[in-house]
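Architecture and fold: a report
This is what each chain is made of:
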Amino acid sequence: MTDVEERRAEIATRLKAVHGRIENACVAVGRDPGEVTLIAVTKTFPASDVRLLSELGVRDVGENRDQEAAPKAAEFADLSPGLTWHFIGQLQTNKAASVVGYAGVVHSVDRLRLVRALGTAARKADRTVTCLVQVSLDQDEARGGVPEPEVVALASAVAGEEGLVLGGVMAMAPLGVPPAEAFAPLPRIAGAVRAAYPGAVIVSAGMSGDLEDAIAVGATHVRVGTALLGGRPGFVR
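Overview of the structure.

Now for the nonpolar core. Ile 22, Val 106, Leu 118, Val 222 and Leu 228 are the most contacted members of the largest nonpolar core, which totals 69 residues. In terms of residues, this core owes the most to one element, helix α1 (residues 3-28), which gives six residues.

This structure, assessed with the given rule, holds 13 salt bridges. The salt bridge partner of Arg 21 is Glu 212, with a shortest N-O separation of 2.7 Å. Placement of Arg 21 in helix α1 and of Glu 212 in helix α9 (residues 211-216) is noted, with a sequence separation of 191 residues between them. Owing to a relative accessible area of 24%, Arg 21 belongs among the partly exposed residues under this scheme. Put simply, Glu 68 and Lys 72 hold a salt bridge, and the shortest N to O gap is 2.9 Å. Of this pair, Glu 68 and Lys 72 both sit in helix α3 (residues 66-75), separated by four residues, roughly a single helical turn. According to the relative accessible area criterion, Glu 68 is buried, its value standing at 2%.

Before going further, it helps to examine the environment of Arg 51. Mapped onto the fold, Arg 51 is located in helix α2 (residues 47-55). On the basis of relative accessible area, Arg 51 is assigned to the partly exposed category, the value being 30%. The spatial distance from the C-alpha of Arg 51 to the C-alpha of Leu 79 is 8.4 Å, given a sequence separation of 28 residues. Apart from residues lying up to four places away in sequence, Arg 51 is in contact with Glu 75, Phe 76, Asp 78 and Leu 79.

Moving on: helix α6 (residues 148-159). Its twelve residues give α6 an end-to-end C-alpha distance of 17 Å, which sits within 8% of 16 Å, the value for a rise of 1.5 Å per residue. By the burial criterion, the buried members of α6 are Val 151, Leu 154, Ala 155, Ala 157 and Val 158. Along the long axis of α6, the arc covered by the buried residues comes to 155 degrees, so they all point the same way. Exposed residues pointing more than 90 degrees away from the buried face of α6 are listed as Pro 149 and Ala 153. On the buried face of α6, the contacting elements are β4 (103-109), α5 (112-125), β5 (129-135), β6 (164-171) and α8 (186-196).

Scoring rules and cut-offs
Residues numbered from 1 in each chain as written. Predicted model: local features only at pLDDT ≥ 70, side-chain atom pairs only at ≥ 80, totals over all residues. Heavy atoms only, no water. Core = buried A, V, L, I, M, F, W, Y, C linked by side-chain atoms within 4.5 Å. Buried < 20%, exposed > 50% of the residue type's maximum accessible area, 1.4 Å probe, protein only. Helix = DSSP H or I, 4+ residues; strand = E, 2+ residues; numbered from the N terminus. Salt bridge = Lys/Arg side-chain N within 4 Å of Asp/Glu carboxyl O. Contact = heavy atoms within 4.5 Å. Expected span 1.5 Å × (residues − 1). Arc of directions from axis to C-beta.

And the structure:
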């Protein structure tokens, strides 16, 4: 068996296990597993893993850093439109034009300046990009996100920006807090956004260690890296 075949078999096994976790988590709370989209987070993994994931049926790929994501997306342009790139890391406004060039969904919108930069870039590129408002569950500015009282206002800015579509909200469980406790406010926050914008149904939450807790509170998209691809090998340039 070649190295590529071994890697494919490893990813296939891990993918089956992750799908099993998603299904079990959904059954536990009476949800349809078809409601949950798996985003394979490929940051620091080689571009070859993206193609293997695609061959195994994965249609959503997430990246945290534009300098890694942009060349990967360009290399696999042949997989489009069957592959959707999700930008899930903190985003500087000066990277907005690059990210808009390949990302179908930006999960980390947390300030008005970024909304404007993404809108300007989307219009210039003649693209429409779905944006999620990143919610801060711990008020830690270093991790990005906006506090609950500011979420609907920022969502309104996204909804009103030509070239952008308001998809919903994204959140990460704070470090050192049990995920179930951390995610507890998320249904209320997501519900407030949906009440104002009924089409904003995405709730992006949950990673390898806490996807079950996220699904329990209504996550529609889970962002999984380690459980799917193994320990991270380091930044791939």
